[in-house]
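Here is how the chains run, residue by residue.
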There are 2 protein chains.
Amino acid sequence: MEPSYLCADILKALAQPIRLKIVELLADGEHCVCEIFPAIAQEQSNTSRHLQMMLKSGILSQRKEGLKIYYSLRHPEVLEIVHLAETMVDHETMRRSALVKAKRSLPLSR
Amino acid sequence: MEPSYLCADILKALAQPIRLKIVELLADGEHCVCEIFPAIAQEQSNTSRHLQMMLKSGILSQRKEGLKIYYSLRHPEVLEIVHLAETMVDHETMRRSALVKAKRSLPLSR
DNA sequence: CCACTATATGATTATCCACTCATACATCCT
DNA sequence: AGGATGTATGAGTGGATAATCATATAGTGG
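The rules behind each value
- Residues numbered from 1 in each chain as written.
- Chains lettered and ligands numbered in written order.
- Predicted model: local features only at pLDDT ≥ 70, side-chain atom pairs only at ≥ 80, totals over all residues.
- Heavy atoms only, no water.
- Near = heavy atom within 4 Å.
- Polar contact = N/O pair within 3.5 Å; in protein donor to acceptor, adjacent residues only side chain to side chain.
- Least-squares fit on C-alpha atoms with pLDDT ≥ 70 in both.
- Contact = heavy atoms within 4.5 Å.
- Helix = DSSP H or I, 4+ residues; strand = E, 2+ residues; numbered from the N terminus.
- Salt bridge = Lys/Arg side-chain N within 4 Å of Asp/Glu carboxyl O.
- Buried < 20%, exposed > 50% of the residue type's maximum accessible area, 1.4 Å probe, protein only.
- Pairing = 2+ DSSP bridges.

A. Quick peek at the protein's contact with DNA strand C. Around DNA strand C, a shell composed of 25 residues is seen, among which Cys34(A), Arg49(A), Leu67(A), Tyr71(A) and His50(B) lie nearest. Sugar and phosphate atoms constitute 56% of the interface atoms of DNA strand C, taking the interface as everything within 4 Å of the protein. Between DNA strand C and Ser48(A) there is a distance of 2.8 Å, counted from a phosphate oxygen to a side-chain nitrogen or oxygen. Within the side chain of Arg49(B), one N or O atom sits 3.0 Å away from a base oxygen of DNA strand C.

B. Focus on the relation of the copies chain A and chain B. Here chain A sits on chain B after a turn of 180° about the axis and a move of 0.0 Å along it, with an RMSD of 0.0 Å. Both copies are brought into coincidence by an operation consistent with a two-fold rotation axis. Measuring from the rotation axis to each C-alpha of chain A, the shortest distance belongs to Ile81(A), at 2.7 Å. A share of 100% of interface residues in chain A that are also interface residues in chain B marks the association as one of identical surfaces.

C. Just the protein's contact with DNA strand D, in detail. Taken together, 25 residues lie around DNA strand D, and Glu43(A), His50(A), Cys34(B), Arg49(B) and Tyr71(B) are the ones closest in. Here the atoms of DNA strand D within 4 Å of the protein split so that 56% fall in sugar or phosphate, with bases taking the remainder. The contact in question runs from a phosphate oxygen of DNA strand D to an N or O atom on the side chain of Lys64(A), over 3.4 Å. The contact in question runs from a phosphate oxygen of DNA strand D to an N or O atom on the backbone of Cys34(B), over 2.5 Å. Among the elements of the structure, helix H2 (17-26) and helix H4 (44-57) of chain A together with helix H3 (33-39), helix H4 (44-57) and strand S3 (68-73) of chain B are those that each provide at least two residues to the surface near DNA strand D. Top element by residues in the surface near DNA strand D is H4(B). It accounts for five residues.

D. Here's a closer look at the pattern of salt bridges. Residues and elements named next belong to chain B. Under the criterion given, the structure shown has eight salt bridges over all chains. Measuring nitrogen to oxygen at the nearest pair gives 4.0 Å for the salt bridge that ties Lys12 to Asp9. You can see Lys12 and its partner Asp9 sitting in helix H1 (residues 3-14), three residues apart, about one turn around the helix. Exposure remark for Lys12: the relative accessible area of 38% places this residue in the partly exposed category. Residue class for Asp9 comes out partly exposed when judged on its relative accessible area of 35%. Here Glu30 and Arg63 are joined by a salt bridge, their closest N and O atoms 2.5 Å apart. One end of the pair, Glu30, is in the loop between helix H2 (17-26) and strand S1 (31-32); the other, Arg63, is in strand S2 (residues 60-65), and 33 residues separate them in sequence.

E. Spatial organisation of the environment of Glu65(A). All names here are of chain A. As for its position among the elements, Glu65 is in strand S2 (residues 60-65). With 23 residues separating them in the primary sequence, Glu65 and Gln42 have C-alpha atoms 23 Å apart. Side chain to side chain, Glu65 and Arg63 meet in a polar contact 2.7 Å long.

F. Region of interest: the sheet that holds S3(B). Residue and element names in this part refer to chain B. Strands sit in the order S1-S3-S2 across an open sheet of three strands; the sheet is antiparallel. Either end of the sheet is taken by a strand with one partner, and the two such strands are S1 and S2. Note: S2 against S3, six bridges, orientation antiparallel. Residue pairing in the sheet places Ser61 in a bridge with Ser72 of S3.

G. Focus on H2(A). All names here are of chain A. With seven of ten residues buried, H2 is to be regarded as a mostly interior element. Along H2, the residues classified as buried are Pro17, Ile18, Arg19, Leu20, Ile22, Val23 and Leu26. Taking the backbone nitrogen of Ile18 as reference, a side-chain oxygen 2.8 Å away marks Gln16 as the first, capping residue of H2.

Listed below in structure tokens is the structure:
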């Protein structure tokens, strides 16, 4: 019940490529499982497990309509987090390519 | 090399209670391993592994000074991400306690 | 009731993670 | 050089995670 564990659980729910794709898919609103799993090219069962995992960690919510179950993002913060992480990836990518370039002219520097 | 993998790696580097503690410790500036591992009550070797992991994922940087190696946060976005996750934990905690309260007066609702 | 569709879950497997202990490596001091 | 300190890493272990296949559950329509 310690806060750092809960916080880590939320981040863990986002720290997986397939789950990130699901989050990006849900960025424009709710979708049901039968829409999600073809869109991310995964098996239905695997998709369902990832959705359950995110639901339990509190970042998704569920809405049932007939046979279908629609999932959606519960907190706008999730998208902000993903966006910040993408910003960091961009910075890192630029930094690394700059390092490679620098190494070509100034070998053995760190 | 796909972007969603890199993004997931960054989030994975934050999605662990001990690493979150390290990040919070580094929020006020650089610290060396010998300061960090007693502060988070972990073995030196385990602490070092977590630091290496975060270094490789790109969220930390290293500075050597004599025997000591000082680690620091490379991107301010990391703190923003942790802060957003904490905000979500607060919202979830409030929601859940509200649900419990509601259940006591209106049992069997969802 | 039966067939059909949508979703969840048990069981299994392979892989990854966190941790520990011991040890190596690097740097400093005398 | 030798001892002390700070950090990293190899090897081993137990436990978590992700994926798959098969099956169960639940709602829908004939």
